[in-house]
Amino acid sequence: MKLAFSTNAYTNDTLPEAVRRIAAHGYEGVELLGDTPHAYFPKFGADDATALGDALTETDLAVSNINANTATGYYDDAPPSSFFEPSVINPDPDLRAWRVEYTKRAIDLATSTGAPAVCLATGRPLPGTLPDEAYQFLLDSLHDILDYAEPRGVDVGIEFEPELLIECTDEVLTLIDDVGRDNLGVNLDIGHAAVYGEDLRESIEQSAGHITGVHLEDIAGGIRGKHYHLVPGDGDLDFDAVFDALDSIGYDGFVTLELYTYPDRPDEAAARAFEALADYF
């Protein structure tokens, strides 16, 4: 396994500066935020791509994942909390198509940076959209996205989260079976599994062979605790059990710390997280 850190903790910095600051803490990899203020694709141009490439070359960091869960740059007044619209299950076909194309641009960034995967959240069914209807929208959107990703050698990992259409391990594995495509998997966020109330070891073992990447953070209260991302050691999750389970299934990909809750002190969060997890790597 290799340890990475997401740039979504560094939203007060440019993307190249975030890459350099993460590298200074000793991480092997970096996850790129596919959203404002880093790589919001309608505004991410050739000069931005060159500056990012220079930073990656300079630091020799591998890109663990392109995080395309959100697209808040679409709105002038998006709320500060996680916001998933326009989503791949939006009932408006034009908005749904916009998000599919946005995800394809994330796949392009994965291709150009050598990232193995893109992660995608399903969003919440909007009022008036029945869950079965939203699920069909999801299937149609995913086939379009996967058709684009497959020849480019990029995996797509669905990141489940409580209160979204796909919110737990069983649901994401059912989705993977229903879609039936080799390049669809799960971006397994350990904290999300905990908040939902899942046994973390069981979630990891069930997901064996389907994990495109792992997001890691601590949660106060442990299983069914509050959904607020904390530096490992500041909450109550059992990381011995998490890493034992990852070892037991032979997982050898990236484990990416996702600490977007520390935008005013990202270096402190990155340094403390690296120290807390060093023994596992």
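Everything quoted here is computed from the prediction, not taken from an experiment.

Cut-offs applied
- Residues numbered from 1 in each chain as written.
- Predicted model: local features only at pLDDT ≥ 70, side-chain atom pairs only at ≥ 80, totals over all residues.
- Heavy atoms only, no water.
- Buried < 20%, exposed > 50% of the residue type's maximum accessible area, 1.4 Å probe, protein only.
- Helix = DSSP H or I, 4+ residues; strand = E, 2+ residues; numbered from the N terminus.
- Arc of directions from axis to C-beta.
- Contact = heavy atoms within 4.5 Å.
- Polar contact = N/O pair within 3.5 Å; in protein donor to acceptor, adjacent residues only side chain to side chain.
- Phe/Tyr/Trp six-rings, centres within 6.5 Å; stacked < 30°, edge-to-face > 60°.
- Lys NZ or Arg CZ within 6 Å of the ring centre and 35° of its normal.
- Disulfide = S-S within 2.5 Å.
- Pairing = 2+ DSSP bridges.
- Axes fitted to C-alpha atoms, helices over the stretch in contact; angles between N-to-C directions.

## Some details on helix H1 (residues 15–23)
- Of all the positions in H1, only Leu-15, Pro-16, Ala-18, Val-19 and Ile-22 are classed as buried. Buried residues of H1, seen end-on, are gathered within an arc of 160 degrees and therefore sit on one face of the element.
- Summarising the contacts, the buried residues of H1 are in contact with strand S1 (2–6), strand S2 (29–33) and helix H2 (46–59).
- Sitting at the head of H1, Thr-14 places a side-chain oxygen 3.3 Å from the backbone nitrogen of Glu-17.

## A closer look at the packing of aromatic side chains
- This structure, assessed with the given rule, holds 10 aromatic pairs.
- When the centroid spacing of 5.7 Å and the interplanar angle of 40 degrees are considered together, the rings of Tyr-40 and Tyr-102 count as tilted. Here Tyr-102 lies in helix H3 (residues 93–113) and Tyr-40 lies in the loop between S2 and H2, a separation of 62 residues in the sequence.
- On the accessibility criterion, Tyr-40 (11% relative accessible area) is buried.
- Three or more aromatic residues joined by ring pairs form one cluster here, namely Tyr-40, Phe-41, Tyr-74, Tyr-75, Trp-98 and Tyr-102.
- One cation-aromatic arrangement involves Lys-2 over Phe-254; the distance from NZ or CZ to the ring centre is 4.7 Å.
- Between the NZ or CZ atom of Arg-96 and the centre of the ring of Phe-137, over which it lies, the distance is 3.9 Å.

## Brief notes about the environment of Ala-4
- Position of Ala-4 relative to the elements: it lies in strand S1.
- Ala-4 sits in the buried class, given a relative accessible area of 0%.
- Residues Ala-4 and Gly-26 lie 22 residues apart in sequence; the distance between their C-alpha atoms is 9.3 Å.
- Excluding anything up to four places from it in sequence, Ala-4 contacts Tyr-27, Gly-29, Val-30, Ser-64, Phe-254, Val-255, Thr-256 and Leu-257.

## Here's the deal with the state of the cysteines
- This model, assessed by the stated rule, comprises 0 disulfides.
- With no disulfide of its own, Cys-119 has Cys-168 as its nearest cysteine by sulfur position, at a separation of 18 Å.

## A short note on unusual backbone geometry
- In this structure, Pro-37 follows Thr-36 across a cis peptide bond, with omega equal to 5 degrees.
- Within the secondary structure layout, Pro-37 lies in the loop between S2 and H2.
- Following Glu-85, the chain continues into Pro-86 via a peptide bond in cis, with omega recorded as -10 degrees.
- Within the secondary structure, Pro-86 sits in the loop between strand S3 (62–67) and H3.
- Positioned with a positive phi, Asp-60 is a non-glycine residue whose angle comes to about 60 degrees.
- Structurally, Asp-60 is set in the loop between H2 and S3.

## Re the sheet that holds S2
- Strand order in the closed barrel formed by 8 strands is S1-S2-S3-S4-S5-S6-S7-S8, with parallel pairing between adjacent strands. For this sheet, the mean inter-axis angle between neighbouring strands, taken without regard to orientation, is 30 degrees.
- Where strand S5 (residues 155–158) meets strand S6 (residues 184–189), 3 bridges bridge the pair, whose relative direction is parallel. Bridge assignment links Ile-158 to a residue of S6, and that residue is Val-186.
- Contacts between H1 and the sheet are confined to S1 and S2, with S2 contributing the most and set at about 155 degrees to the helix.

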